[in-house]
Amino acid sequence: MKFNIINTQFFKEWRADGLRILLDITSQDFYRYKVQRFNGCCWDDIRGYHTLRQAKEAVAWIAEDCAMEAGLIH
């Protein structure tokens with residue numbers, strides 16, 4: 001899966017297909033990487049992860065599930 005990376009002063013984002021991984025650089029949370037889904041007007045939290053690798057794997061699973069659901073519905 002190909003991600004678009006967006007760097008700002010306080011955040012780093014990896015975006016792909018209506019999903020993103022958000023890293024708040026200033027945060028000291030236990031789960032630093034948050035996986036979020038765009039619902040049309042805002043970003044909804046799905047789950048937090050310790051490492052970027054775990055978050056990227058989760059995004060791949062979620063994207064695959066969404067593609068399967070779209071195939072079953074249409």
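Here the structure is shown first, and the text comes after it.
Residues numbered from 1 in each chain as written. Predicted model: local features only at pLDDT ≥ 70, side-chain atom pairs only at ≥ 80, totals over all residues. Heavy atoms only, no water.

1. Overview of the overall build of the protein chain
When helices and strands are tallied, the protein chain shows 1 helix and 5 strands. Beginning at the N terminus, the succession of helices and strands in the protein chain can be written as β-β-β-β-β-α. When its C-alpha atoms are laid out on the principal axes, the protein chain stretches across 45 × 25 × 20 Å. Contacts in the protein chain between residues at least 24 apart in sequence constitute 20% of all its contacts with a sequence separation of at least 6. For the protein chain, the exposed area adds up to about 5400 Å²; of that, 53% sits on carbon and sulfur atoms. Each charge sign in the protein chain was given a centre, from 10 positive and 10 negative side chains, and these centres are 7 Å apart. (Helix = DSSP H or I, 4+ residues; strand = E, 2+ residues; numbered from the N terminus. Contact = heavy atoms within 4.5 Å. Areas by Shrake-Rupley, 256 points an atom, 1.4 Å probe, with all protein chains shown as cover. Lys, Arg positive; Asp, Glu negative; His and termini not counted. Charge placed at Lys NZ, Arg CZ, Asp CG, Glu CD.)

2. What about the sheet that holds strand E5 (residues 43–49)?
One open sheet holds the 5 strands; their spatial order is E1-E2-E3-E4-E5, and the pairing between them is antiparallel. Edge positions in the sheet fall to strand E1 (4–7) and E5, since each of these pairs with one other strand and no more. In this sheet, adjacent strand axes meet at a mean angle of 25° when their direction is disregarded. (Pairing = 2+ DSSP bridges. Axes fitted to C-alpha atoms, helices over the stretch in contact; angles between N-to-C directions.)

3. Comments concerning the packing of aromatic side chains
For the structure shown, the criterion picks out 3 aromatic pairs. Between Trp14 and Tyr33, the aromatic rings sit 6.1 Å apart at their centres with planes inclined by 55°, giving tilted as the arrangement. Separated by 19 residues along the polypeptide, Trp14 in strand E2 (residues 11–16) and Tyr33 in strand E4 (residues 33–38) bring together distant segments of the chain. The buried category is assigned to Trp14, whose relative accessible area is 5%. Here Tyr33 falls in the buried class, since its relative accessible area comes to 15%. Ring geometry for Phe30 and Tyr31: centres 5.1 Å apart, planes at 80°, overall edge-to-face. (Phe/Tyr/Trp six-rings, centres within 6.5 Å; stacked < 30°, edge-to-face > 60°. Buried < 20%, exposed > 50% of the residue type's maximum accessible area, 1.4 Å probe, protein only.)

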